[in-house]
Amino acid sequence: MPSTNLAETVEPPELRTHPIALVPAILVCGAAVLLFGFMVPIAGYAMLAVGLLAAWLCDRSGRTERLLADLALIAVGQVIISTISLKADLSNEGMLRFAVVLGLAVLVPYVISRFLYREHVIRFPWRTGRRWNRTQWLYLIFVTVAGWLILPFYFISSGVYENWPTVTDPEQIARLLVGVVAVGTWDELFFICTVFVLLRRHFPSWQANLLQSIVFVSFLWELGYQSWGPLLTIPFALIQGYTFKLTKSLTYVFVVHMLFDAVVFAVIVYAHTGWPAIFLLAR
């Protein structure tokens, strides 16, 4: 991982803030547990509403600045996502539904922020002009090897690979690959470049990272990373946020995610077909 220093670690929020701001932020981000973890939308929407009301009260008191505006963007994204089931569906209709709804969950907050708020907070920094250093290249190797060692055991021993459709013929396998790449890309656009970035305006990076990981992991749970999956997805979400903070590069966190997801794809195919037989801890 790239090195950092104390100044970067304690980087202050952009806007006027107060410790009480954590209350509405926890409510808004915690609503993801109800929406995607327990799948009780009414309770989730109620929690979002209470969180936004609390954010309004914080702003109105003068303790915080634009907390409601930013948490509302996160809430809007969650509500949009909650309109569909996140169970993997490789049919034409299912893939189109995912593309439209998840696309809107990124696009709508961006458009509101850019054109209604007239801010340019949500960005997608594919090109930073910085060369990756040796540590970053070594980290990519580490991620690949760690995924190769851990993911087969997790998916197969827990049986969670069955949360994805059975893929046996080339067309199904190709559809799975497209789905894995698309959702993995979307993860970074929404959870890191939208949720994490908005939260960092109000909270120290470590708090913003913990908050975004609640939403990230809850989404992954409904998507299929269940059983003891959170033991993997929580560290992954936190590391992705931390990596983005250090590199400020969407391209880099995207490559990390794609390497991880390449192993996920191969494991799911292997679990259904017995190919490719390249894993040591598959049983």
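Please refer to the structure higher up on the page.
Below, the structure is looked at part by part.

Calculation criteria
- Residues numbered from 1 in each chain as written.
- Predicted model: local features only at pLDDT ≥ 70, side-chain atom pairs only at ≥ 80, totals over all residues.
- Heavy atoms only, no water.
- Helix = DSSP H or I, 4+ residues; strand = E, 2+ residues; numbered from the N terminus.
- Expected span 1.5 Å × (residues − 1).
- Contact = heavy atoms within 4.5 Å.
- Salt bridge = Lys/Arg side-chain N within 4 Å of Asp/Glu carboxyl O.
- Buried < 20%, exposed > 50% of the residue type's maximum accessible area, 1.4 Å probe, protein only.
- Bend = angle between axes of the 7 residues up to and from the residue.
- Axes fitted to C-alpha atoms, helices over the stretch in contact; angles between N-to-C directions.
- Parallel < 35°, antiparallel > 145°, perpendicular 65-115°, else oblique.
- Left-handed = near helix turned anticlockwise from the far one by under 90°.
- Nonpolar A, V, L, I, M, F, W, Y, C, P; charged D, E, K, R; others polar.
- Disulfide = S-S within 2.5 Å.
- Core = buried A, V, L, I, M, F, W, Y, C linked by side-chain atoms within 4.5 Å.

**A word on helix α2 (residues 22–37)**
Working step 1: With 16 residues, α2 ought to run about 22 Å at 1.5 Å a step, and its terminal C-alpha atoms sit 21 Å apart, in line with that.
Working step 2: Looking at the packing, one finds that the buried side of α2 touches α3 (41–61), α4 (67–81), α7 (170–200) and α8 (205–223).
Working step 3: Within two residues after α2, Met39 carries a phi angle of roughly 55°, on the positive side.

**Here we look at the pattern of salt bridges**
Working step 1: Tallied over the entire structure, the rule returns six salt bridges.
Working step 2: Between Glu119 and Arg201 there is a salt bridge whose closest N-O contact spans 3.1 Å. Highlighted residues: Glu119 in the loop between α5 (92–116) and α6 (134–158) and Arg201 in the loop between α7 and α8, separated in sequence by 82 residues. For the residue pair Glu119 and Arg201, the accessibility class agrees, reading buried in each case.
Working step 3: Across the pair Glu171 and Arg175 runs a salt bridge whose closest N-O atoms are separated by 3.3 Å. With Glu171 and Arg175 both in helix α7 and four residues apart, this pair spans about one turn of that helix.

**Quick notes on unusual backbone geometry**
Working step 1: Cis geometry marks the peptide bond from Trp275 to Pro276; its omega dihedral reads 0°.
Working step 2: Looking at the element boundaries, Pro276 is found in the segment after α10 (250–273).
Working step 3: Positive phi is not limited to glycine here, since Arg118 has a value of about 60°.
Working step 4: Relative to the elements of secondary structure, Arg118 occurs in the loop between α5 and α6.

**With respect to α5**
Working step 1: An ideal rise of 1.5 Å per residue puts 36 Å on 25 residues; α5 measures up with 34 Å between its terminal C-alpha atoms.
Working step 2: The sharpest bend along α5 measures roughly 30° and falls at Leu104.
Working step 3: Each element contacted by the buried residues of α5 is listed here: α4, α7 and α8.
Working step 4: Positive backbone phi, at 60°, marks Arg118, one or two positions downstream of α5.

**Here we look at the packing of α7 against helix α9 (residues 230–247)**
Working step 1: Their axes nearest at 11 Å, the elements α7 and α9 cross at an angle of 70°. By the angle between their directions, the pair α7 and α9 is classed as roughly perpendicular. For the element pair α7 and α9, the recorded crossing hand is right-handed. Contacts between α7 and α9 involve Glu188, Ile192, Cys193, Phe196, Val197 and Arg200 from the first element and Gln240, Gly241, Phe244 and Lys245 from the second.
Working step 2: Its residues placed into classes, the contact of α7 with α9 shows five nonpolar, two polar and three charged.

**A look at the state of the cysteines**
Working step 1: Inspection of the entire model under this criterion finds zero disulfides.
Working step 2: No disulfide involves Cys58; its nearest neighbouring cysteine sulfur is the one of Cys29, lying 14 Å away.
Working step 3: Here Cys193 is not disulfide-linked; the sulfur of Cys29 is the nearest cysteine sulfur, at 16 Å.
Working step 4: Looking at Cys193, the relative accessible area reads 0%, which means it is buried.

**Considerations on the nonpolar core**
Side chains of a nonpolar character, in soluble globular proteins, are inclined to be buried together.
Working step 1: In this structure, Ile81, Phe155, Leu176, Trp186, Leu199 and Phe219 are the most contacted members of the largest nonpolar core, which totals 83 residues.
Working step 2: It is α7 that provides the largest number of residues to this core, a total of 15 residues.
Working step 3: Apart from the residues within four sequence positions on either side, Phe155 is in contact with Val160, Tyr161, Trp164, Tyr225, Val264, Val267 and Ile268.

**Focus: the environment of Pro165**
Working step 1: As for its placement among the helices and strands, Pro165 is situated in the loop between α6 and α7.
Working step 2: Separated by 76 residues in the primary sequence, Pro165 and Asp89 have C-alpha atoms spaced 6.9 Å apart.
Working step 3: Setting aside residues up to four positions removed in sequence, Pro165 forms contacts with Ala88, Leu90 and His272.

In short, geometric facts, not functional conclusions.
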